[in-house]
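# Overview (structure and organization)
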Amino acid sequence: MMKEHEADIIKLLAALTAAPRWMTALVIADGAPFTWGDTDLWRITSALLSVLFAGVETYAAAYIMRAWRQAKPGTQPEKVLFGIWSFTLLVLVVVMTPPIYANTIRIEFHTLPPFILLVWAICVAASTFLVVGGVGYAEKTRTLRATLSDAERNTSDTRATLSETRATRESLACELCDATFANRFALSGHMRTHKNGHDVSSVIPVNTTTT
């Protein structure tokens with residue numbers, strides 16, 4: 001079961017663990033050279049955050065999958081969640097494949113074809129936003145599902161109350177003239193007027209209502 005604020009925690013952790021990529025891109029975008037990449041502190045910090053980001057991505061994919069499994073089959077949210085979940089897994093595979101390939105054949109990663117490096121870089125950048133967007137949509141469907149469940153429960157309670165009220169009224173109604181009464185004693189007194197042949201319209205029963 002999804003816990004409250006679970007989605008917010010996942011999104012925050014995704015942003016924090018992706019901090020090295022943000023810094024690498026935005027420092028250069030601001031016109032300053034990025035010179036920290038060769039320092040030991042940066043390498044250790046980046047490695048630790050990368051491991052944590054992998055855990056966050058895996059947890060986010062599991063969160064989206066849970067939302068997909070809990071969604072009503074055949075609905076648009078169920079289809080969209082499945083698409084987001086599948087695309088997220090595909091992007092993660094694309095992110096991991098080129099480095100694994102380069103390490104396997106013992107070549108420098110930057111020597112791979114430019115097109116592969118470009119697609120890889122796009123997927124690396126997109127992975128964070130997939131986590132944030134996918135988890136956000138999954139949270140939205142969860143909230144909507146809870147709201148619909150409350151509405152259905154309230155509707156069911158209202159129908160049950162109306163049925164009970166209708167049954168009560170029918171049980172306290174006169175079969176001969178359709179007059180209704182607040183209790184069975186008033187109904188019994190009214191029925192005696194029928195048996196005695198009295199004009200019922202001239203008799204005002206106690207605690208009566210008309211339908």
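Since the structure is predicted, the reported quantities are computational estimates derived from the model, not experimental observations.

## Digging into the side chain of Glu57
- Within the secondary structure, Glu57 is located in helix 3 (residues 40-70).
- Buried within the structure, Glu57 lacks any salt-bridge partner; its nearest side chain of opposite charge belongs to Arg21, at an N-O separation of 6.6 Å.
- With residues near it in sequence (within four places) discarded, Glu57 still touches Leu92, Ser127 and Val131.

## Observations regarding the packing of aromatic side chains
- This model, assessed by the stated rule, comprises eight aromatic pairs.
- Arranged with centres 5.7 Å apart and planes meeting at 65°, the rings of Trp22 and Phe129 form a pair that is edge-to-face. On the criterion of sequence distance, the pair formed by Trp22 in helix 2 (residues 19-29) and Phe129 in helix 5 (residues 114-171) is long-range, its members being 107 residues apart.
- Considering the side-chain rings of Phe109 and Trp120, the 4.8 Å spacing of their centres and the 65° angle between planes classify their relative orientation as edge-to-face. Placement of Phe109 in the loop between helix 4 (76-104) and helix 5 and of Trp120 in helix 5 is noted, with a sequence separation of 11 residues between them.
- Aromatic ring contacts, followed pair by pair, group Phe34, Trp36 and Trp42 into a single cluster.
- One residue, Arg21, lies across the ring of Phe53, its end atom 4.6 Å from the ring centre.

## Here we look at helix 1 (residues 6-17)
- Between the first and last C-alpha of helix 1 there are 17 Å, a value that for 12 residues agrees with the 16 Å anticipated at 1.5 Å per step.
- Looking at helix 1, one finds that the buried residues are Glu6, Ala7, Ile10, Ala14 and Thr17. Buried residues of helix 1, viewed axially, fall in a sector of 105°; they line one side. Across from the buried face of helix 1, at angles greater than 90 degrees, the exposed residues are Ile9, Leu12 and Leu16.

## Some thoughts on the nonpolar core
- Core analysis: the biggest nonpolar cluster contains 18 residues, and Ile10, Tyr63, Ile64, Leu81, Val131 and Val135 have the highest contact counts within it.
- Going through the elements one at a time, helix 1, helix 3, helix 4 and helix 5 are the ones with two or more residues in this core.

## Some points on the pattern of salt bridges
- Overall, the coordinates contain five salt bridges when judged by the stated rule.
- Between Glu6 and Arg66 there is a salt bridge whose closest N-O contact spans 2.7 Å. In this pair, Glu6 sits in helix 1 while Arg66 sits in helix 3, placing the two residues 60 residues apart along the sequence.
- Residues Asp38 and Arg43 are paired through a salt bridge, measuring 3.9 Å at the closest nitrogen-oxygen approach.
- Salt bridges sharing partners connect three or more residues here, namely Asp8, Lys11 and Glu139.

## Observations regarding unusual backbone geometry
- A positive phi is found at Arg106, a non-glycine position, where the angle reads about 60°.
- By secondary structure assignment, the location of Arg106 is in the loop between helix 4 and helix 5.
- Of the residues examined, Arg106 reaches a relative accessible area of 74% and is grouped as exposed.

Rules used in this analysis
- Residues numbered from 1 in each chain as written.
- Predicted model: local features only at pLDDT ≥ 70, side-chain atom pairs only at ≥ 80, totals over all residues.
- Heavy atoms only, no water.
- Helix = DSSP H or I, 4+ residues; strand = E, 2+ residues; numbered from the N terminus.
- Buried < 20%, exposed > 50% of the residue type's maximum accessible area, 1.4 Å probe, protein only.
- Lys, Arg positive; Asp, Glu negative; His and termini not counted.
- Salt bridge = Lys/Arg side-chain N within 4 Å of Asp/Glu carboxyl O.
- Contact = heavy atoms within 4.5 Å.
- Phe/Tyr/Trp six-rings, centres within 6.5 Å; stacked < 30°, edge-to-face > 60°.
- Lys NZ or Arg CZ within 6 Å of the ring centre and 35° of its normal.
- Expected span 1.5 Å × (residues − 1).
- Arc of directions from axis to C-beta.
- Core = buried A, V, L, I, M, F, W, Y, C linked by side-chain atoms within 4.5 Å.

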